[in-house]
Amino acid sequence: MDLSEAIDTRSSAIRLTEPAPVEPEIIRILEAGLRVPDHGRLAPARFVVFQGDGLERLADAMVASFLRKNPAASPEQSEMERKKVFRAPLIIAVAAHINREHKVPPAEQMSCVAAGVQNMFLTAHSMGYGVMWKTGAQAYDPLLNEAIGLYDDDQIIAFLYLGTIAAKGPVKSIALEDVVKWA
Ligand SMILES: Cc1cc2nc3c(=O)[nH]c(=O)nc-3n(C[C@H](O)[C@H](O)[C@H](O)COP(=O)(O)O)c2cc1C
């Protein structure tokens, strides 16, 4: 699949199943996340790869984060949070390790990482895998960061859910005339 086809056919996977990308494919996807314009060459991207037991650890951290925000939650609600993690056989957390002393603003450092997320998405898609870019409230919890091996002031840009497509959303397009002015 060439780049234009990958861009034109990309949409989010609504349901994912086994098998996940195998290790050499995961490495290729991670490398794609680093092939980005990077103002100041700050290399802000950080990745945490969760599969197998790692997904259990992510689920524990997600539930703990959920309960900090919702201390009165029922066991059923906690269980629902836990189950969300197992909607994909592979999740890659992509975070921006932001250098707050540098003249390059944090927004640009996060943009650099977000560009990498899209590269990762298109790379996995062109391999035939399904992908969903998620965040959720837990992506903004410093204690969750620490629980999964990031710094507390890193910013999670994506939880990238990856696997084999069980259901895929439609390719959506926005009319250019709605958003473009030729100045
Ligand atoms: C930064 C970011 C965070 C997102 N977080 C979520 C999320 O937590 N849950 C969700 O359902 N969609 C989330 N989305 C949107 C989906 O990834 C997806 O793009 C959207 O549902 C549109 O579908 P499409 O990718 O097939 O066009 C997020 C998108 C971005 C860019």
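Here the structure is shown first, and the text comes after it.
Residues numbered from 1 in each chain as written. Predicted model: local features only at pLDDT ≥ 70, side-chain atom pairs only at ≥ 80, totals over all residues. Heavy atoms only, no water.

Asker: For this particular structure, what's the right way to read the overall build of the chain?
Answerer: A tally of helices and strands in the chain yields seven helices and five strands. Each helix and strand of the chain, placed in order from N terminus to C terminus, yields the pattern α-β-α-β-α-α-β-α-β-α-β-α. Taking 16 Å as the expected radius of gyration for a compact globule of 183 residues, we find that the chain reaches 17 Å, a close match to that expectation. Looking at the chain as a whole, 39% of its 183 residues are labelled buried. (Helix = DSSP H or I, 4+ residues; strand = E, 2+ residues; numbered from the N terminus. Rg over C-alpha atoms; globule rule 2.2 N^0.38 Å. Buried < 20%, exposed > 50% of the residue type's maximum accessible area, 1.4 Å probe, protein only.)

Asker: Explanation requested: the site of the ligand in the structure shown.
Answerer: As a matter of local geometry, the ligand sits amid Arg 10, Ser 11, Ser 12, Met 132, Trp 133, Lys 134, Thr 135, Gly 136 and Lys 172. Between an oxygen atom of the ligand and a main-chain N or O atom of Thr 135, the distance comes to 3.0 Å. Lys 172 places a polar side-chain atom, nitrogen or oxygen, 2.8 Å from an oxygen atom of the ligand. Summarising the interface, the protein chains cover 56% of the accessible area of the ligand, which totals 620 Å² for the free molecule. (Near = heavy atom within 4 Å. Polar contact = N/O pair within 3.5 Å; in protein donor to acceptor, adjacent residues only side chain to side chain. Areas by Shrake-Rupley, 256 points an atom, 1.4 Å probe, with all protein chains shown as cover.)

Asker: Could you clarify how one ought to interpret the pattern of salt bridges in this entry?
Answerer: Oppositely charged side chains can pair when the atoms bearing their charge come close. For the coordinates displayed, the defined rule picks out six salt bridges. In this structure, Glu 81 and Lys 84 form a salt bridge, with 2.9 Å as the shortest nitrogen-oxygen distance. With Glu 81 and Lys 84 both in helix H4 (residues 75-85), this residue pair falls three residues apart, about one helical turn. Judged by its relative accessible area of 11%, Glu 81 falls in the buried class. With relative accessibility at 33%, the residue Lys 84 sits in the partly exposed group. What emerges from the salt-bridge pattern is a single network uniting Glu 56, Asp 60 and Arg 82. (Salt bridge = Lys/Arg side-chain N within 4 Å of Asp/Glu carboxyl O.)

Geometry only, nothing functional implied.
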